[in-house]
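Commentary on secondary and tertiary structure
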There are 2 protein chains.
Amino acid sequence: MKIIADAMGGDNAPDEIVLGAFNAAKNLDVDIVLVGREESILGSMKKLGIDELPKRVEIVDAPEVVLMEDDPATVIRVKKQSSLNVGLTMLRDGAGDAFVSAGSTGALLSGATLITKRVRGLRRAALAPVLPSKTGKFVLIDCGANSDCTPEYLLQFAYMGFYYAEGVLKIKNPRVGLLNNGAESTKGTSLQLETYALLEKSTLNFVGNVESKDAMGGACDVLVSDGFTGNIFLKAVEGTASLLMSELKSVFMSTALTKISALIIKNKMRGLKDKLNPDLIGGTALLGISKPVIKAHGSSNAMAFESAIRQAIGEVGSNVASRLSKNVEQMKISSDE
Amino acid sequence: MKIIADAMGGDNAPDEIVLGAFNAAKNLDVDIVLVGREESILGSMKKLGIDELPKRVEIVDAPEVVLMEDDPATVIRVKKQSSLNVGLTMLRDGAGDAFVSAGSTGALLSGATLITKRVRGLRRAALAPVLPSKTGKFVLIDCGANSDCTPEYLLQFAYMGFYYAEGVLKIKNPRVGLLNNGAESTKGTSLQLETYALLEKSTLNFVGNVESKDAMGGACDVLVSDGFTGNIFLKAVEGTASLLMSELKSVFMSTALTKISALIIKNKMRGLKDKLNPDLIGGTALLGISKPVIKAHGSSNAMAFESAIRQAIGEVGSNVASRLSKNVEQMKISSDE
């Protein structure tokens, strides 16, 4: 298996990306193609004190760099020699099995759609992060790729999440829930009402509407949403976790005794922190593209980027895209454009 | 000041409501009118071992009871002798200064709108809970009264939240943010884009779009949203807090040593728990109604109901409704219906 890694994307590129990719090649039984400015990658290696390219790693030069100020919608056409453009073209042409980038979400989304292309018949690609719940974990789809959605998009997201949960998370017959402001079938706006009807008629294991609170409680394995609402949900979870962890820290740091208490549970707390740590959860799958594309966090360090590569390996093994492709007819409600 | 309390609403009515109302009369320098089935209220008193009606408390008999299975939209017309109908009519007629109920949100919303009525010129009433943030607290408006909203509704919610934050939370010139999936002014669906333009032109202290995560970090004092999105946000916060608290509990309970650690920080943890405890936060204001109406949590115990009464007292003192009424002209963008 060969993973194509975007060496130039993310706040800590290229140093941390290079290190993460090298660690992945060493630890994960995988070949890595680092795509980016060769000069910068060699510079990072020098900084890291690594003289030779590790086994199973190769570099493909891509002299142009996508910048934060570039328009995500057009940069892919303008900078043909960027790591994003070169890497996604390699993915399309079979020179690698998956593409991992910590760069701009918007540019990755439009690049993957324009170059690597969606699974034929799917209307939109969607971002599908995995979140912890009281009883395990679940896939949220979409968390921000599509603000405006139709019921058909959401039906397709549901299938995308279903195959991902089954193939990558290894959940049998995943329970699909529709994110809504109440459990009753009459809840939500017209988008939720129409999507509910489609999901009920589908071949999916649809468990009905799921409120945010119940999703965190473990009510479903796949939580379907338009990208706007999914983004509000995801960032509310992140913001609340961050608030509580900082409150907890100030509780622990308040007196000498509480500091001792903190020492006692330090190791146990690590488990809880890990569960919420984006660096360990890995990246977010961009589903609906014909080949696996993973968005690593923009702030990825080497460990986070290695986790994202691990996730890409899982997705390559699970054949989500080909399962979507085979079953796409049952996910259409309107004729092809 | 006189607060009208719905003795029959909520999972623990009438016992806990009666006790909470009695405690409020004793602790909060306020007169209480308990509205509900007199027989049931007297029965609760007997159970609680209270022989005589406390000072400053009176009972108004309302023989009919709103049930969970009643249609919230019509029950107010059908059961004219329910505590909800009688209490809201008293509020309208000046027989009390505020109404507090732990009963059905939908019935309270339609009852308040039909009987007590909205401030003239306001299109919709909205639910406005107060949430904790890293730097203090903020009002979320709307959290579920209106799934489908127009930009004008959201502009009005912004003013409602502004006057509430200023009057009840005592925040000077509250910062108003629009809940959105990114900070840039181009983010969101057409609802957010159009609302952004209205808020920018308004006289409010508008700080722009606010992501869920940043709202929890303290980015604004008033977070404006349609009721669907606000509900998703609110329940994601609740669900995440609940997940983390239960994870934390299992960390603390895992070994003898961690149990000792838990004992050490027990009192300090109480502060954190209190910050997240709906029983202490009080109820949720139903803003936009011509008189103060507070929705206490459905699962309110006596303490929670007393907190909701405390909140009602704060709202009566702050004249939110009359400030809205005086400034309603600048909150209109379409002509009156």
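Residues numbered from 1 in each chain as written. Chains lettered and ligands numbered in written order. Predicted model: local features only at pLDDT ≥ 70, side-chain atom pairs only at ≥ 80, totals over all residues. Heavy atoms only, no water.

**So, the overall build of chain A**
Counting secondary structure elements, chain A contains 13 helices and twelve strands. For a compact globule of 337 residues, the expected C-alpha radius of gyration is about 20 Å, and chain A comes in at 21 Å, within 12% of that figure. Considering only C-alpha atoms, chain A reaches an extent of 65 × 60 × 35 Å along its principal axes. Expressed as a percentage of its 337 residues, the buried residues of chain A come to 57%. Counting contacts in chain A only where the partners sit at least 6 residues apart, residues at least 24 apart contribute 73% of the total. Just so you have it, chain A exposes about 13,700 Å², and 51% of that area is on carbon and sulfur atoms. Where the 38 positive side-chain charges of chain A centre and where its 38 negative ones centre are 5 Å apart. (Helix = DSSP H or I, 4+ residues; strand = E, 2+ residues; numbered from the N terminus. Rg over C-alpha atoms; globule rule 2.2 N^0.38 Å. Buried < 20%, exposed > 50% of the residue type's maximum accessible area, 1.4 Å probe, protein only. Contact = heavy atoms within 4.5 Å. Areas by Shrake-Rupley, 256 points an atom, 1.4 Å probe, with all protein chains shown as cover. Lys, Arg positive; Asp, Glu negative; His and termini not counted. Charge placed at Lys NZ, Arg CZ, Asp CG, Glu CD.)

**Some remarks on the interface of chain A and chain B**
With 47 residues of chain A at the contact, the number on the chain B side is 47 residues. For the pair chain A and chain B, the summed buried surface comes to about 4,400 Å²; carbon and sulfur atoms form 73% of the total. When the buried area of chain A at its contact with chain B is split by residue, A:Phe228, A:Ile232 and A:Leu244 rank highest and sum to 14% of it. At the surface where chain A touches chain B, the tally comes to four salt bridges. Between B:Lys213 and A:Glu238 there is a salt bridge, with the nearest N and O atoms lying 3.6 Å from each other. Put simply, chain A and chain B have ten residue pairs in polar contact (both at pLDDT 80 or more) between them. If you list the elements that add at least two residues to the side of chain A that touches chain B, you get α8 (212-217), α9 (227-252) and α10 (256-276) of chain A. The biggest single contributor to the side of chain A that touches chain B is α9(A), with 20 residues. Its residues assigned to classes, the side of chain A that touches chain B comprises 20 nonpolar, 18 polar and nine charged. (Buried area = accessible area lost by both parts, 1.4 Å probe. Salt bridge = Lys/Arg side-chain N within 4 Å of Asp/Glu carboxyl O. Polar contact = N/O pair within 3.5 Å; in protein donor to acceptor, adjacent residues only side chain to side chain. Nonpolar A, V, L, I, M, F, W, Y, C, P; charged D, E, K, R; others polar.)

**What to know about the relation of the copies chain A and chain B**
For the pair chain A and chain B, the superposition axis carries a translation of 0.0 Å, the fit reaches an RMSD of 0.0 Å, and the rotation angle comes to 180°. Such a turn and shift between the copies fits a two-fold axis. Judged by C-alpha distance, A:Ser261 is the residue of chain A that lies nearest the rotation axis, at 2.2 Å. Of all interface residues in chain A, 100% are interface residues in chain B too; the two copies therefore contact each other through one and the same surface. (Least-squares fit on C-alpha atoms with pLDDT ≥ 70 in both.)

**Notes on the sheet that holds strand β12 (residues 293-295) of chain B**
All names here are of chain B. Read across the open sheet, the seven strands follow the order β3-β2-β1-β4-β12-β11-β5; overall the sheet is mixed. Both edges of this open sheet fall to β3 (57-61) and β5 (126-128), since each of them pairs with a single strand only. The average undirected angle you get between the axes of adjacent strands in this sheet is 25°. As defined by bridge partners, strand β4 (residues 98-101) adjoins β12 across three bridges and the pair is classed as parallel. Within the sheet, the bridge partner assigned to Val-100 lies in β12 and is Ile-294. Set on the sheet, helix α12 (residues 302-318) makes contact with β1 (2-6), β2 (31-36), β4, β11 (284-287) and β12; between it and β4 the angle comes to about 155°. (Pairing = 2+ DSSP bridges. Axes fitted to C-alpha atoms, helices over the stretch in contact; angles between N-to-C directions.)

**So, the pattern of salt bridges**
Residue and element names in this part refer to chain A. Counted by the stated rule, this structure contains 26 salt bridges over all chains. Of the charged contacts in the structure, one is a salt bridge between Arg-175 and Asp-221, with a shortest N-O distance of 2.9 Å. Highlighted residues: Arg-175 in the loop between α6 (151-167) and β8 (176-179) and Asp-221 in the loop between α8 and β10 (222-224), separated in sequence by 46 residues. Exposure remark for Asp-221: the relative accessible area of 8% places this residue in the buried category. Each of the salt bridges in this network shares a partner with another, and the network as a whole consists of Asp-29, Asp-31 and Arg-56.

**Description of the side chain of B:Glu306**
Residue and element names in this part refer to chain B. Tracing the backbone through its elements, the reader meets Glu-306 in helix α12. Buried charge Glu-306 goes without a salt bridge, the closest partner of opposite sign being Arg-310 at 4.1 Å. Contact partners of Glu-306, with chain neighbours within four places excluded, come to Gly-20, Asn-23, Ala-24, Asn-27 and Leu-28.

**Some words on the packing of helix α1 (residues 15-27) of chain A against helix α12 (residues 302-318) of chain A**
All names here are of chain A. Where α1 meets α12, the axes come as close as 7 Å, and the angle between the chain directions of the two elements is 50°. Comparing their axes, α12 and α1 come out oblique. Between α1 and α12 lies a crossing whose hand is right-handed. Residue-level inspection shows Glu-16, Ile-17, Leu-19, Gly-20, Ala-21, Asn-23, Ala-24 and Asn-27 of α1 in contact with α12, the latter providing Ala-302, Phe-305, Glu-306 and Ile-309. Grouping the constituent residues of the contact of α1 with α12 by class yields seven nonpolar, three polar and two charged. (Parallel < 35°, antiparallel > 145°, perpendicular 65-115°, else oblique. Left-handed = near helix turned anticlockwise from the far one by under 90°.)

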